[in-house]
Each structure stands twice: as structure tokens, then as C-alpha cells.
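Letter by letter, the chains look like this.
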Amino acid sequence: MRWGGGDEAGDEGYPEFAAARAGHLYRSACLLTGGDTHLAEDLVQEALGRVFVRWKRVCRVGNPAGYVQTVLTRVFLAHQRRHSSRRERATDVLPEIAGPDPGGDAPLRLTLLEALGQLSAKDRAVVVLRYWEDRSVEETATVMETSSAAVRTRCVRALARLRVLLGDSLSEHAGR
């Protein structure tokens, strides 16, 4: 599917692009926010809005999906910087993200989301970009506007912290 165009309004292909990417962006945003679905929806809306404003230019880049993911991550990090002093959560109960799960791994997903939620915003962003989005260290550094060395350091620390947080609970859920 090719997104782009050049009609008078400048949004040719955008509705299809947004509809095709919204689900993936929402799942990424849920991971970034540690399961805060309300904030995740807001972040996706903000990212898609920013991309819409620049759609004529964005649709000409080789990877608009990667571009919108970068915008989402930067919107999340900016939100965390602005709101770092207050840590509100809409609820303590995490809803199912993708509906009923035929594989029955809901407890595992909830355990992982809870652990992700305990990481710092930047550590969470590194983990999501590197292991959920499968981005390279260099791509992650570009998105986060930092050095490759800083990304590698954050990866090591974040994974070590996740191991501590998850402890035996991960093998308990995975071993079923």
C-alpha cells in the first residue's frame, strides 16, 4: 500500500494510513505508559495529529510508519518531562488490551505491563523501541535524541531492573 498523494487538501492517503497504524501505535503507547490506556489513547491522537499536519511531507519519506512511531515516542517523552512531578494513574486495574486472548497469556501480559510501568519513562521507551519495535541501537538513539552508548547503557539497566522486578513471576507464568 502506498501512502501519499497531492490533492488540494493534502491529506490523500492519510485516513487509510491512520486507520492502518492506529492499533499498533495504541499497543506501543500502552507499553510506553505502563498500561495507562487513557494516556495511551491521548498519545496516539497527539502523534497522529502531528503527522496529519505534515502529511504531504511525511508521505514522501521512505517510512511514514517509522516516522509516526518516532513522533509517538517523542510525544510520550515530552509528556513525561512535563508531568514528571505528578504521577496519576487512571486506575489500578489494567483492562485487556487486545480483547480475549485465546492463548491464555493475560496474566503474563499483565505482569509484564506492571513491571514496565515501574521503569523510568526513558528506560521504558528504550525497551519498547528495542524489543517491541525491533529497532537498532542507532535508530533508538535517533528517536530518543541521545547517543548510542546511552541507549546501550539504558538497555542494560532496564533489562536488569526488569529481571529484578519480574523475578520468579515470569517463569511462573511462562512455565504453564
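This text gives an overview of the structure that appears in the document. Just so it is clear, the model here is predicted, and its values are computed rather than measured. (Residues numbered from 1 in each chain as written. Predicted model: local features only at pLDDT ≥ 70, side-chain atom pairs only at ≥ 80, totals over all residues. Heavy atoms only, no water.)

## Examining the packing of aromatic side chains
Line of reasoning, step 1. Per the stated rule, a full pass over the model turns up four aromatic pairs.
Line of reasoning, step 2. Ring geometry for Tyr14 versus Trp55: centroids 5.3 Å apart, planes at 75°, classification edge-to-face. Here Trp55 lies in helix H3 (residues 55–58) and Tyr14 lies in helix H1 (residues 14–32), a separation of 41 residues in the sequence.
Line of reasoning, step 3. On the basis of relative accessibility, which here comes to 11%, the residue Tyr14 falls in the buried class.
Line of reasoning, step 4. Classification of Trp55 by relative accessible area gives buried; the value is 0%. (Phe/Tyr/Trp six-rings, centres within 6.5 Å; stacked < 30°, edge-to-face > 60°. Helix = DSSP H or I, 4+ residues; strand = E, 2+ residues; numbered from the N terminus. Buried < 20%, exposed > 50% of the residue type's maximum accessible area, 1.4 Å probe, protein only.)

## Concerning the environment of Gln80
Line of reasoning, step 1. One can find Gln80 in helix H4 (residues 64–82).
Line of reasoning, step 2. Accessibility expressed as a relative area gives 11% for Gln80, which makes it buried.
Line of reasoning, step 3. Separated by 41 residues in the primary sequence, Gln80 and Ala121 place their C-alpha atoms 6.7 Å from one another.

## Description of unusual backbone geometry
Line of reasoning, step 1. A positive phi is found at Asp134, a non-glycine position, where the angle reads about 60°.
Line of reasoning, step 2. The residue Asp134 is located in the loop between helix H6 (121–132) and helix H7 (137–144) in this model.

## Some thoughts on the pattern of salt bridges
Line of reasoning, step 1. What the rule picks out here adds up to three salt bridges.
Line of reasoning, step 2. Between Arg50 and Glu46 there is a salt bridge, with its nearest N and O atoms 2.7 Å apart. You can see Arg50 and its partner Glu46 sitting in helix H2 (residues 37–53), four residues apart, about one turn around the helix.
Line of reasoning, step 3. Given a relative accessible area of 35%, Glu46 falls into the partly exposed group.
Line of reasoning, step 4. Between Arg74 and Glu145 there is a salt bridge; the shortest N-O distance is 3.8 Å. Separated by 71 residues along the polypeptide, Arg74 in helix H4 and Glu145 in the loop between H7 and helix H8 (148–174) bring together distant segments of the chain.
Line of reasoning, step 5. Owing to a relative accessible area of 63%, Glu145 belongs among the exposed residues under this scheme. (Salt bridge = Lys/Arg side-chain N within 4 Å of Asp/Glu carboxyl O.)

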